[in-house]
Amino acid sequence: MSDAPDRELRISKIRDGTVIDHITGGQALNVLAILGIGGDEGIGVSIGMNVPSDKLGTKDVVKVEGRELSQGEVDVLSLLAPEATVNIVREFEVVEKKRVERPERVVGLLTCPNHNCITNADEPVESAFGVVDDGVRCEFCGEIVREDIGDHLAVH
Amino acid sequence: MRHDHLLSAGQLTREDIEAVLDRAADLADDPGAVGGRHADRLLALCFFEPSTRTKMSFDTAMKRIGGDTVDMGSVESSSVKKGESLADTVRVIEGYADGIVLRHPSEGAAKLASQFVDVPVINAGDGAGQHPSQTLLDLYTMRERAGLDDLTVGIMGDLKYGRTVHSLASALTNFDARMHFVSPESLRLPRGVRFDLHDAGAQLREHTDLDEVLAELDVLYVTRIQRERFPDENEYQQVAGQYQIDAGTLERARDDLTVMHPLPRVDEIAPDVDATDHAAYFAQAHNGVPVRMALLDELLGDGDAGAAAATDGGDSR
Ligand SMILES: [Zn+2]
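As the structure is a computational prediction, the values presented were derived from the model and not from experiment.

1. A word on the interface of chain A and chain B
Contacts between the two partners involve 18 residues from chain A and, on the opposite side, 20 residues from chain B. For the pairing of chain A and chain B, the buried interface totals around 1,500 Å² over both sides, and the portion due to carbon and sulfur atoms is 55%. Looking only at chain A, the three residues that lose the most surface to chain B are Asn116(A), Ile118(A) and Phe140(A), adding up to 34% of its buried area. Here chain A is connected to chain B by one salt bridge.

The structure is reproduced here in structure tokens:
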């Protein structure tokens, strides 16, 4: 949080919670969706979109107040924002930096783009995707999603 | 083979395949070899889309190993029509039968079913997905005619929606096969299938013209290009003719080329091919019975009894 103080002024500091930085530009809303944050939970959420960044050109930043993300939540971010860094903040101090790692599978988060996939029928199962080289793959029909994974988020 | 279900060809190792084919060969010679082990066993035939011959083939195989079948009947006459989920349907049928053969129009249906029941589920075709029991009989036929190693196999037709193609290609990665895929641009192999083939280190090439590879092939596996896959009739007419073979076409092939087809065919193989030595598709269809007998014996068999009853070379557990 202290590496670029002039830019950070765009979004106020938070007391307790999570700061997700270096999100691929334009993906902030999908990051919130994948975390299941819709804005009506009563928690403070700040979003900076297309903030100039030395590393990414432009990046998005999301700050979630009063909520510390779990490793599992952090890992699913990797599908949308492989460069993201996650800082847990307590009393205005970064107490933990989490690395984003690609999970092996993602359950219940994405809908399969194959309309003929059984997971899109009215059946009592959650979608399940295995994570492959540069995308995810439906465990039911084998469909591979590489681009625009954010478009297939099941959560809103 | 030690699996609870047969959902896709990708789960089969070379040892699994050879065990079923060896057993099938034994049963083809001596259908009585299974004994009475399946006398009280019932197999449920759940066909959510019509397929007379696959259903009859399973029905025959089950009866030939001493068991019996119960048939869900057509979807129109069942509670499925009223909107019952597949998960509910199979959970009810599980109470009636010792195994379920499932044909369904959606990809992944067999996998889903397998998550809700304890009896073995055999995928008899799920949409454009997989059809692994067909693949076992295809491999049986190939092995009889040409062996399974050091093969050059051409697979032609609708490679995008052809589930028999997806299963066959996947299974062939267990063997030393060079695969040539011949199709119109719009019906190429789907990304997921190509991913698996590359992942398995398969040697494959894709073509739009059969003549590029015909002369090299040991086996040519032909599938039907379905008219309904094309948005307009003109587009269909343009491609369909290019993927039809007749006796004249095969003069450019090797004398020992084997021509296969999962059937039914429409006009992709002309009747004048039937009388040539190339034609293997009717024998291929007949092989479905011993192969499915072996498969059912394996999946429904009760472990040790199965091993004890298996004859030489047919068991790898
Ligand atoms: Zn799917």
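Structure's up, so let's keep going.
2. Concerning a nonpolar patch on the surface
All names here are of chain A. Among the surface-exposed residues, Leu29, Val45, Ile47 and Met49 lie close enough to one another that they form a single nonpolar patch of about 310 Å² accessible area. Here the nonpolar patch takes three residues from strand E2 (residues 45-53), the largest share from any one element. Given the relative accessible area of 52%, leucine 29 is considered exposed.

3. Digging into the layout of surface pockets
In this structure, the largest pocket spans a volume of roughly 1,000 Å³. Along the wall of the largest pocket there are 41 residues; nearest its centre are Arg137(A), Cys141(A), Gly142(A), Glu143(A) and Asp196(B). At the level of elements, strand E8 (135-138) of chain A together with helix H4 (109-114), strand E4 (121-126), helix H6 (163-172) and helix H7 (191-199) of chain B are the ones that each hand at least two residues to the lining of the largest pocket. For the lining of the largest pocket, the element with the highest residue contribution is H7(B), accounting for seven residues. Across the lining of the largest pocket, the residue classes tally to 15 nonpolar, 15 polar and eleven charged. Considering only enclosed or pocket space, the second largest pocket measures out at about 810 Å³ in volume. Residue lining of the second largest pocket: 35 residues in total, with Arg103(B), Thr164(B), Pro262(B), Leu263(B) and Pro264(B) positioned closest to the centre.

4. Describing the pattern of salt bridges
Any two side chains of opposite charge can pair, on the condition that their charged atoms come close. All names here are of chain B. Evaluated as defined, the whole model comprises 25 salt bridges over all chains. With a closest N to O distance of 3.1 Å, aspartate 150 and arginine 178 form a salt bridge. Residue aspartate 150 is located in the loop between helix H5 (132-146) and strand E5 (151-156), and its partner arginine 178 is located in strand E6 (residues 177-182); the two are separated by 28 residues in the primary sequence. For arginine 178, a relative accessible area of 26% corresponds to the partly exposed category. Each of Glu185, Arg188, Arg194 and Glu206 takes part in salt bridges that share partners, so that together they form one network.

5. Thoughts on the sheet that holds E5(B)
All names here are of chain B. Taken together, the five strands give an open sheet; going across it, the order is E7-E6-E5-E8-E9, and neighbouring strands pair in parallel fashion. Either end of the sheet is taken by a strand with one partner, and the two such strands are strand E7 (203-207) and strand E9 (258-260). Strand-to-strand twist in this sheet, taken as the mean axis angle between neighbours without regard to direction, amounts to 20°.

6. With respect to the coordination of the zinc ion
All names here are of chain A. At 2.3 Å from the zinc ion lie its protein donor atoms, namely Cys112 (SG), Cys117 (SG), Cys138 (SG) and Cys141 (SG). One can describe the site at the zinc ion as tetrahedral: its four donor atoms subtend angles covering 99 to 116° at the metal. On the primary sequence, the residues serving as donors to the zinc ion are separated as C-x4-C-x20-C-x2-C. The pair formed by cysteine 138 and cysteine 141 is uniform in burial state, with each residue classed as buried.

7. Observations concerning the nonpolar core
Counting 60 residues, the largest nonpolar core has Ile20(A), Ile100(B) and Leu102(B) as the members making the most contacts within it. Residues contacting Ile100(B), with those up to four places away along its chain left out, are Leu43(B), Ala44(B), Cys46(B), Val90(B), Ile93(B), Glu94(B), Val117(B), Val119(B), Pro120(B), Val121(B) and Ile122(B). The next biggest cluster of nonpolar side chains, apart from the first, holds 55 residues, and it includes Leu45(B), Val101(B), Leu136(B) and Val165(B).

8. Some details on the environment of Cys138(A)
Residues and elements named next belong to chain A. For cysteine 138, the position within the fold is in strand E8. The exposure class assigned to cysteine 138 is buried, which follows from its relative accessible area of 3%. Taking the C-alpha atoms as reference, cysteine 138 lies 27 Å from threonine 85; in sequence the two are 53 residues apart. With near-sequence residues (within four places) excluded, cysteine 138 lies in contact with Cys112, Cys117, Ala128, Phe129 and Glu143.

9. Here's the deal with the pairing of E8(A)
All names here are of chain A. Residues Gly135 and Arg137 point to one face of E8 and Val136 and Cys138 to the other, with burial holding for every one of them. The pairing of strand E7 (residues 128-132) with E8 spans four bridges and is classified as antiparallel. Bridge pairing in E8 links valine 132 to glycine 135. Linking E7 back to E8 in an antiparallel pair, the connection comprises two residues.

10. Some words on the environment of Pro271(B)
Residues and elements named next belong to chain B. By secondary structure assignment, the location of proline 271 is in the loop between E9 and helix H9 (281-286). When its relative accessible area of 63% is taken as the criterion, proline 271 is described as exposed. Separated by 31 residues in the primary sequence, proline 271 and alanine 240 place their C-alpha atoms 17 Å from one another.

11. Describing helix H3 (residues 86-93) of chain B
Residues and elements named next belong to chain B. Those residues of H3 that sit buried are Leu86, Ala87, Thr89, Val90 and Ile93. Down the axis of H3, the smallest arc covering the buried residues is 165°, so these residues share one side. Each element contacted by the buried residues of H3 is listed here: strand E1 (42-47), strand E3 (99-104) and H4.

12. Digging into the confidence of the model for chain A
Caution applies to low-pLDDT regions: their predicted coordinates should not be interpreted in detail. Chain-level statistics for chain A give a pLDDT mean of 86 and a share of 92% at 70 or above. When the elements of chain A are averaged for pLDDT, helix H1 (residues 5-8) of chain A gives the smallest value, 49, and E7(A) the largest, 94.

13. A look at the side chain of Asp297(B)
Residues and elements named next belong to chain B. Structurally, aspartate 297 can be placed in helix H10 (residues 288-300). Residue classification places aspartate 297 among the buried residues on the basis of a relative accessible area of 4%. Sequence-distant contacts of aspartate 297, that is, excluding residues within four places in its chain, are made with Arg23, Val34, Arg37, His38 and Ile65.

14. Quick word on the packing of helix H1 (residues 14-29) of chain B against H5(B)
Residue and element names in this part refer to chain B. Their axes nearest at 10 Å, the elements H1 and H5 cross at an angle of 70°. Comparing the axis directions of H1 and H5 gives the class roughly perpendicular. On H5, the residues that touch Ile17, Glu18, Val20, Leu21, Asp22, Ala24, Ala25 and Ala28 of H1 are Leu136, Leu139, Tyr140 and Arg143. Tallied by class, the residues present in the contact of H1 with H5 amount to nine nonpolar, no polar and three charged.

Rules and cut-offs
- Residues numbered from 1 in each chain as written.
- Chains lettered and ligands numbered in written order.
- Predicted model: local features only at pLDDT ≥ 70, side-chain atom pairs only at ≥ 80, totals over all residues.
- Heavy atoms only, no water.
- Contact = heavy atoms within 4.5 Å.
- Buried area = accessible area lost by both parts, 1.4 Å probe.
- Salt bridge = Lys/Arg side-chain N within 4 Å of Asp/Glu carboxyl O.
- Patch = residues over 30% accessible without salt bridge, like charges linked within 9 Å, V, L, I, M, F, W, Y side chains within 5 Å.
- Areas by Shrake-Rupley, 256 points an atom, 1.4 Å probe, with all protein chains shown as cover.
- Helix = DSSP H or I, 4+ residues; strand = E, 2+ residues; numbered from the N terminus.
- Buried < 20%, exposed > 50% of the residue type's maximum accessible area, 1.4 Å probe, protein only.
- 1 Å grid on protein atoms, 1.4 Å probe; cavity = no way out; pocket = protein on both sides within 12 Å on 5 of 7 lines; lining within 4 Å.
- Points joined across faces, edges and corners; volume = space filled by probe spheres on them.
- Nonpolar A, V, L, I, M, F, W, Y, C, P; charged D, E, K, R; others polar.
- Pairing = 2+ DSSP bridges.
- Axes fitted to C-alpha atoms, helices over the stretch in contact; angles between N-to-C directions.
- Donors = N, O, S within 2.8 Å, 3.2 Å for Na, K, Ca; no water.
- Tetrahedral: all angles 85-135°; square planar, octahedral: opposite > 155°, others 65-115°.
- Core = buried A, V, L, I, M, F, W, Y, C linked by side-chain atoms within 4.5 Å.
- Arc of directions from axis to C-beta.
- pLDDT = per-residue confidence, 0-100.
- Parallel < 35°, antiparallel > 145°, perpendicular 65-115°, else oblique.

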